[in-house]
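What follows is the residue order along each chain.
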Amino acid sequence: MIELAEYIVLGLLSGGVLALIALSFVLIYKGTGVVNFAVGEVMMLGAYLYYAGAVSFKLDPWLAFFGSLAAISILSVLIERVVLRPLSGQTAVAALMATIGLASIIHGGAEAMWGGETLTSPGLLPRTPMTIADILIPGAVLGNFAIAALLIAAFLAFFRYSRMGVVLRASASDAVTASTLGINIHRAQRLTWMLAGSVGTVAGVLIASSAGLSPMLASTALGVLAAIVLGGLDSILGAILASLAVGVIEALAAGYLGGKTREVVPYIVVLAVLLVRPYGLFGTRAIERL
Amino acid sequence: MRTGVFHQTFISDERLWDSPTSRRWMLAFVLAMCSMPLWGGDYLLAMACIVGIHLIATLGLNITTGSAGLISLSHAAFMGVGCYTVAWLAKKGVPFYVALPVAGLVAATLGAIVGSPSLRVKGLYLAIATLAGHFVLNFIFREWDSVTGGIPGTSIPRANLFGYELVGDRRNFYMIYGTALLLGLAARNLARTHHGRAFVAVRDRDFSAEILGVNLLRAKLAAFAVGAFYAGVAGGLLGYFYGNITPEYFSLNLSVFYLAAIIVGGLGSVLGAIFGAIFMTFVPEILRLVAQASSQWLPQIAGLLLPMGQVVFGVLIITFLIFEPHGLAAIWSRVRRVFHLWPFKT
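For clarity, every value in this text was computed on a predicted model and none was experimentally measured.

1. With respect to the overall build of chain A
Along the backbone of chain A there are 11 helices and 2 strands. Ordered by position from the N terminus, the helices and strands of chain A form the series α-α-α-α-β-β-α-α-α-α-α-α-α. With 290 residues in all, chain A has 53% of them scored as buried. Restricting the contact set of chain A to residue pairs at least 6 apart, pairs at least 24 apart contribute 75%. Of the accessible surface of chain A, which amounts to about 12600 Å², a share of 67% is contributed by carbon and sulfur atoms.

Next up, the structure:
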């Protein structure tokens, strides 16, 4: 029984960071209608830039962290302007394939720059393990969860209460109506990409500091796609809940079925969910008109 | 349309090569390809074999994604299914002309299973569903040791035609291009039947297609199954060609490679698939040559080859999507038109 509780708690904690990646993905999907397959690569690049700042240039970790946030924000704006704006108005599949191309570019570029081996990334937080009711929790995992939870709460508040958040929600729910009401859609989409890139960077730095930094980091985000489908592509709350669920499922699979199954079990769940509930647990059912 | 060609019957209008000139060119091309093992060098032949295998797989993806608009990221995994089926059958002594179609059918069955969410979900969800299919199949490749040989891989006995062993590129060449010719003609003809037109109708607006009497369930599953069939055959040929295969080969990068090939070549046309397969096979080769040429100044460049290939693939996908969405096939038809109408301006 204690074993089961341990798996569930650890799964929930690692699901917190997955939720950050999911948030990065859902932001772009809701805000611009693009399914961003490059989420993992942007996240990985953010982690590598942090590593370059903190280790190669020997900056203060926090300085390196904010530096990489700024760099990824600029990159996200560039991506939006150079790659996706010319494709707006084309089919969703075109944009999807463009992001696959983008993922390929960033992945190859990072591997060419930093090589394929796993690097040790310095942590931002102290790593003191904790014991709660006989369950040993590694410090990095707990700190990551705390940061992720804080950030997600901040985002939810931002969208709910701030003026900019309302602008983003308006342009996400109906771009044409929003622009007739005087909202600058291009600016809103740019901001969406910046926010998504920054959230991804935070997730990347957190994961890299606990699990090591390698180009494989990007495939973590592919696992999160599973979570997003589970929650429904356009529901932030659904994405968060589903990430936690996927974290638990992964931990349970790794615990009871062996470590190798960890990477496939989420996908099997996805296939099953898609067959039963095609728009996820919380997604809006698309109503199509001819 | 070439100037000076006037069709007087529907039959002549509907021919695949509708002018005497294009028929002559086609004949010359086929003869040149048939005699290639006689005049081509070793390097050219090896590349030609690889192009042929990529061509078959690209034709398949071009039916699923190009014609029917169903995005598939599990194409590489379907190739793997075909390859391992051939490996298993060949060890049992089944000849290649039976093993290849069976490999295609097994892949097609799996394709229909992986594609079954396509009945309920559209483009974006579908991409993720096929991604899930890719990872699940790859997991099976790595873990089902008795058939796939696990991570170290498995070997495939040489193909054998009535006691005549197909060893080396020269003999594999005819097997690969014979299959490619058959499947290419099949793809070209499929586009002219009501099944092929149903695919295009599903791509352009699936609800309208349904109202016009297309059975969506059948059309979508068929598009996935046919695409996977091509991938399975290509995978089987790949197994015969290399003689040894590991699960690593069927990575997500390979699926992206084929996606790039159909985009660069031109979505939805057989000619596009041919251009895409040739172009994408030579991109890594050109990179390799550049790397060799510059290795005296940059000794570490050999290690950068694979990542640089990924970067180039990505740049190609994005550039073609933005600037030439109909790919090399569109460029080719523009060039042709200039020559046909010369000296008049288009």
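2. A look at the packing of aromatic side chains
Inspection of every chain in the model, using the stated rule, returns 21 aromatic pairs over all chains. A ring pair is formed by Phe158 of chain A and Phe159 of chain A, whose centres lie 5.4 Å apart and whose planes are at 70°; its orientation type is edge-to-face. Owing to a relative accessible area of 10%, Phe159 of chain A belongs among the buried residues under this scheme. Between Phe257 of chain B and Phe313 of chain B, the aromatic rings sit 5.4 Å apart at their centres with planes inclined by 70°, giving edge-to-face as the arrangement. Residue Phe257 of chain B is found in helix α13 (residues 252-265), and its partner Phe313 of chain B is found in helix α15 (residues 305-323); the two are separated by 56 residues along the sequence. The class for Phe313 of chain B is buried, based on a relative accessible area of 13%. An aromatic cluster is present here, built from Tyr84, Phe141, Phe241, Tyr242, Tyr249 and Phe250 of chain B joined pairwise through their rings.

3. Quick look at the packing of helix α1 (residues 2-32) of chain A against helix α10 (residues 236-257) of chain A
Residues and elements named next belong to chain A. Relative orientation of the contacting elements α1 and α10 amounts to 140°, with a least axis distance of 5 Å. Classified by the angle between their axes, α1 and α10 sit oblique to one another. Where α1 crosses over α10, the two elements pack in a sense that is right-handed. In terms of residue class, the contact of α1 with α10 is built from 18 nonpolar, 7 polar and 2 charged.

Reading the values: the criteria
- Residues numbered from 1 in each chain as written.
- Chains lettered and ligands numbered in written order.
- Predicted model: local features only at pLDDT ≥ 70, side-chain atom pairs only at ≥ 80, totals over all residues.
- Heavy atoms only, no water.
- Helix = DSSP H or I, 4+ residues; strand = E, 2+ residues; numbered from the N terminus.
- Buried < 20%, exposed > 50% of the residue type's maximum accessible area, 1.4 Å probe, protein only.
- Contact = heavy atoms within 4.5 Å.
- Areas by Shrake-Rupley, 256 points an atom, 1.4 Å probe, with all protein chains shown as cover.
- Phe/Tyr/Trp six-rings, centres within 6.5 Å; stacked < 30°, edge-to-face > 60°.
- Axes fitted to C-alpha atoms, helices over the stretch in contact; angles between N-to-C directions.
- Parallel < 35°, antiparallel > 145°, perpendicular 65-115°, else oblique.
- Left-handed = near helix turned anticlockwise from the far one by under 90°.
- Nonpolar A, V, L, I, M, F, W, Y, C, P; charged D, E, K, R; others polar.

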